[in-house]
Amino acid sequence: MRRSATIALRTTGTVSTVLALALTVTACGGDAEPAGSGELSGKTVTVAGVWTGSEQKNFKKVLDVFSKKTGAKTVFVPSGDNVSTFVGSKIEGGNAPDVVLVPQVGVLQQFAKAGWLQPLSGKTTETATAGLAPVWKNYGTVDGTYYGLYFKAAHKSTVWYAPEALSQAGVNEPKSWDELLTAGRMLADSGRPAFAVAGEDGWTLTDWFENIYLSQAGPEKYDQLAQHKIKWTDESVVAALTTLAEVFKDKQLVAGGAQEALQTDFPGSVEKVFGPEPKAGMVYEGDFVGGVAKDEFGKKPGEDAKFFPFPAVGAGTPPVVSGGDAAVVLKDAKNGEAGMKLLEFLATPEAGEVWAGAGGFLSPNKNVKPEAYGDDTTRATAESLVAAGDSVRFDMSDQAPAAFGGTKGAGEWKLLQDFLRDPSNPRATAVALEAAAAKTYGN
Amino acid sequence: MSHTPKARAAADPRRRALRRRRLLGMLFVLPALLLLGALVVYPVVFSVGRSLFDASGDRFVGAANYMEMFQDPATLKAVRNSAIWVVVAPVLLTGLGLVLAVLTEKVRWATAFKLVLFLPMAVSFLAAGIIFRLAYEQNPDRGVLNAAIVGVHDAIDEPSPYPTARAREGKGLSGSPGEGYTTVEVRPGGDIVLPFVGVAPEAVPHRAAPAWTPEPSAGSLSGAVYLDFTPGAGGRQGQIDPKENGLPGVTVEVLRGGTVVASTRTGDNGSFRFDDLGDDAYTLRVPASNFAAGYTGVDWLGPALVTPAIIGAYLWVWTGFSMVLIGAGLAAIPRDALEAARVDGATEGQIFRKITVPLLAPVLTVVFVTLVINVMKVFDLVYIIAPGPVQEEANVLATRMWLVSFGGGNDQGLGSALSVLLLLLVVPAMIFNIRRFRKGGA
């Protein structure tokens, strides 16, 4: 899921929901760009997406470039957090946007199955194939038809650390899981526990599990488990949970122990590492940790907030768990053709470079020049994402039905929180996960 | 006689007038009936129908949703919690309201007192939920309740000097921070180093000096408790390295045959020394009191306490309501009955039990039943105060219904079944209240 923008919503809950609603209402006016001269002059492309704040501002820069090139007017409509409800009601009301940016694989599939989407044009497909690893195309394809163009990506296999904590403890960036545990215990010896775990937010725990599972069990099993073709009671799941328990059960590794971790939300976990009173040395989450450390705690990513890739577990390769936003064109679009032209533009490296320069963005497109990124840390994450090529896998819980992989206090979130509280029996947790999954997948 | 036709003629217009009046009445009631039908009856009927279908709404499943409701552990927890709420909250609120109402009658600043107690009623549940979510935070730096509890606790019981410390493993000390550490048997005349790790640099007192062991002498046991960690690593484990500091203020005990014969505290450089020991076998112990984890307060929002904690917030909001209502009933009690009792020499307690409460019974019942109905539909407080990991432990029927229907699962079949259950549970209380109102009206 697009964690970076939804974090605030999830953590501060209702307050920010109300705030976000207010923002949505005020932002609904959107601003149309003046039409220039070009092949699409006089046409207006309406784009809907969940982005707010700086993400929205920066995306509008991309739209501006498109307007300049083609003469089309562009309007960005914030959809609020629930894209699928928003788009559904707009289509029913006969007022469908032309282009929608879809943040979850599951939602993309739901749209395609409902028959709401236009297949990508030949030219868009061509440009996309030139720039994107086939895995991104697969995630945008439903039943053999390519609908969704992945434009913005997230990198969720980064472990962030406070450099002064590691140097104080005299450890280097670990390269393997065992080294990670050793480094963690060294950190604990130095008096600063290893990890701040955000147990109050279930999704951070699913991300922990997914990284371990992808590396330990391999991409094939990962895909099977994501589609629930193998059961959660599979030995590979038990093994991954056992590995995860190595961290969870160790008081030296989890700052404050499970009890405190379960009362730490995601921003809280970043604060524990990068805040004014650091209580831990490392925090695992996606590339957006850097953003939080920078915006909230004035750290400079790359200098006093660094990351290393999530290390390989056992004999596996280092995992790259990802997520992203896919652009789709709706069938009911009033300016479908112009919308498709926008997707053609979004598929080019040029579009990615515009936002890369503005910051807070990773492009899955390998032709986006590394120089386009504003800082070294983002550049490094982008390079690692592109270098992973086809071994990139989407966040598993985002691929699952929301009742299993995306609901506060239920399904995988809840069961992994219980596991954090008591990691003594991985097998029982696997059984419980399977029971919950069977119920929601319905197979 | 000419009397009869006249009478008949008079009856007809009367009947017509009656019919017209009835029609007019219907016309006036109609809008209300339509509204009720559209907003109450139709949704109820629809929910009952919907509860017989599966999540997608396409397949008829009969009573399967109702069966699942009583098999699903999460829903059973919600049923249990709802039961706790219904039993505990109205009883406490009515009791509290009664006591406060009687007491405010007797205090000087009654109005101000009532005003303050009634104020929370003006706060929305959402805001109240957020206030208590913060108040109940475990971290004493954020949660005001735990700040108070920890403050009091630490004032009585001094916190241990090194709550995070533990012995360097395999370097002469065995045990755990929870039960303390002991050495193997030693004989006087030697130096013993006791290495510890896991103390953050800022947690070491400023007075700490580089670790140093006193000169050994015959008949004495000496050594140092020190932090066996060189910043930036590179130190040798279990040995005092140049940059390693002693840990001041650690209690060290010397034992002979299991009983403590002497005890001391380490100096700034971590050193300790026991003199005048005979030539016997001793063990050294670093007791657990040095490492007792700091008291962290009450885990209000943990799985065990979350429901009582939320009920507490509910009490805060509603006490004013029940107090004011009962207070109004109290004002209506005939004074002469009370005065007669006083003249007869009844104590205040007797008056309260034997006169006030029986006379107030009708009011108390109304307050109680109204609160029961209100408690059944409590939603916002539970939804806002319970953190994600304990959401399930805190759920009541209303939140469970919402979460099942719209919170991700989107199983509106099961959700409807839950809402029907909730309706069935509220109905007896409703009927009871309506009967009372009727009696009151008659």
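Residues numbered from 1 in each chain as written. Chains lettered and ligands numbered in written order. Predicted model: local features only at pLDDT ≥ 70, side-chain atom pairs only at ≥ 80, totals over all residues.

Visitor: Which residues make up the overall build of chain B, and what values go with them?
Guide: The helix and strand inventory of chain B stands at 13 helices and nine strands. For chain B, whose C-alpha radius of gyration is 36 Å, the value lies well above the compact-globule estimate of 22 Å for 442 residues. Taken along its principal axes, the extent of the C-alpha atoms in chain B is 145 × 75 × 35 Å. Counting only residues that meet the buried cut, chain B has 33% of its 442 residues in that class. (Helix = DSSP H or I, 4+ residues; strand = E, 2+ residues; numbered from the N terminus. Rg over C-alpha atoms; globule rule 2.2 N^0.38 Å. Buried ≥ 20, exposed ≤ 12 C-beta atoms within 10 Å, placed from the backbone.)

Visitor: An account of the overall build of chain A is requested, with residue identities and associated values reported.
Guide: Along the backbone of chain A there are 22 helices and 12 strands. Relative to its length of 443 residues, chain A is compact, with a C-alpha radius of gyration of 21 Å against a globular reference of 22 Å. Expressed as lengths along the three principal axes of its C-alpha atoms, the size of chain A is roughly 65 × 50 × 40 Å. Counting the 443 residues in chain A, one finds 58% classified as buried.

Visitor: Give a description of the sheet that holds strand 7 (residues 259-265) of chain B that names residues and reports values.
Guide: Residues and elements named next belong to chain B. Judged by pairing direction, the sheet is antiparallel, and its five strands sit side by side in the order 2-3-9-6-7 without closing on themselves. Each of the sheet's edge strands pairs with one partner strand only, and the pair in question is strand 2 (174-176) and strand 7. Averaged over all neighbouring strand pairs, the angle between strand axes comes to 20°, with direction disregarded. (Pairing = 2+ DSSP bridges. Axes fitted to C-alpha atoms, helices over the stretch in contact; angles between N-to-C directions.)

Visitor: Describe in detail the domain arrangement of chain B, supporting the description with residues and values.
Guide: Along its sequence, chain B is carved into domain 1 (1-45), domain 2 (74-150 + 300-399) and domain 3 (166-290). Computed over C-alpha atoms only, the centres of domain 2 of chain B and domain 3 of chain B are separated by 54 Å. (Domains from an automatic or database assignment.)

Visitor: Could you give me a rundown of unusual backbone geometry, with the residues and numbers involved?
Guide: Among all residues except glycine, the phi angle is most often negative; among peptide bonds, the trans geometry is most common. Positive phi outside glycine occurs at D143 of chain A, with the angle close to 50°. By the secondary structure assignment, D143 of chain A is in the loop between strand 5 (141-142) and strand 6 (145-146). Overall, D143 of chain A belongs to the exposed group, with 8 C-beta atoms counted inside 10 Å. The phi torsion at D276 of chain B lies on the positive side, around 55°, for a residue other than glycine.

Visitor: Which residues make up helix 14 (residues 266-274) of chain A, and what are the values?
Guide: Of all nine residues in helix 14 of chain A, eight are buried; the element is thus mostly enclosed. Considered for burial, the residues of helix 14 of chain A that qualify are F266, G268, S269, V270, E271, K272, V273 and F274 of chain A.

Visitor: Lay out the interface of chain A and chain B in plain terms, naming residues and giving numbers.
Guide: Opposite the 30 residues of chain A that make contact, chain B presents 25 residues. Listing elements by their share of the side of chain A that touches chain B, those giving two or more residues are helix 2 (14-27), helix 8 (163-169), helix 9 (177-189), helix 20 (402-405) and helix 21 (411-421) of chain A. Here the residues of the side of chain A that touches chain B are counted per class, giving nine nonpolar, 15 polar and six charged. (Contact = placed C-beta atoms within 7 Å. Nonpolar A, V, L, I, M, F, W, Y, C, P; charged D, E, K, R; others polar.)

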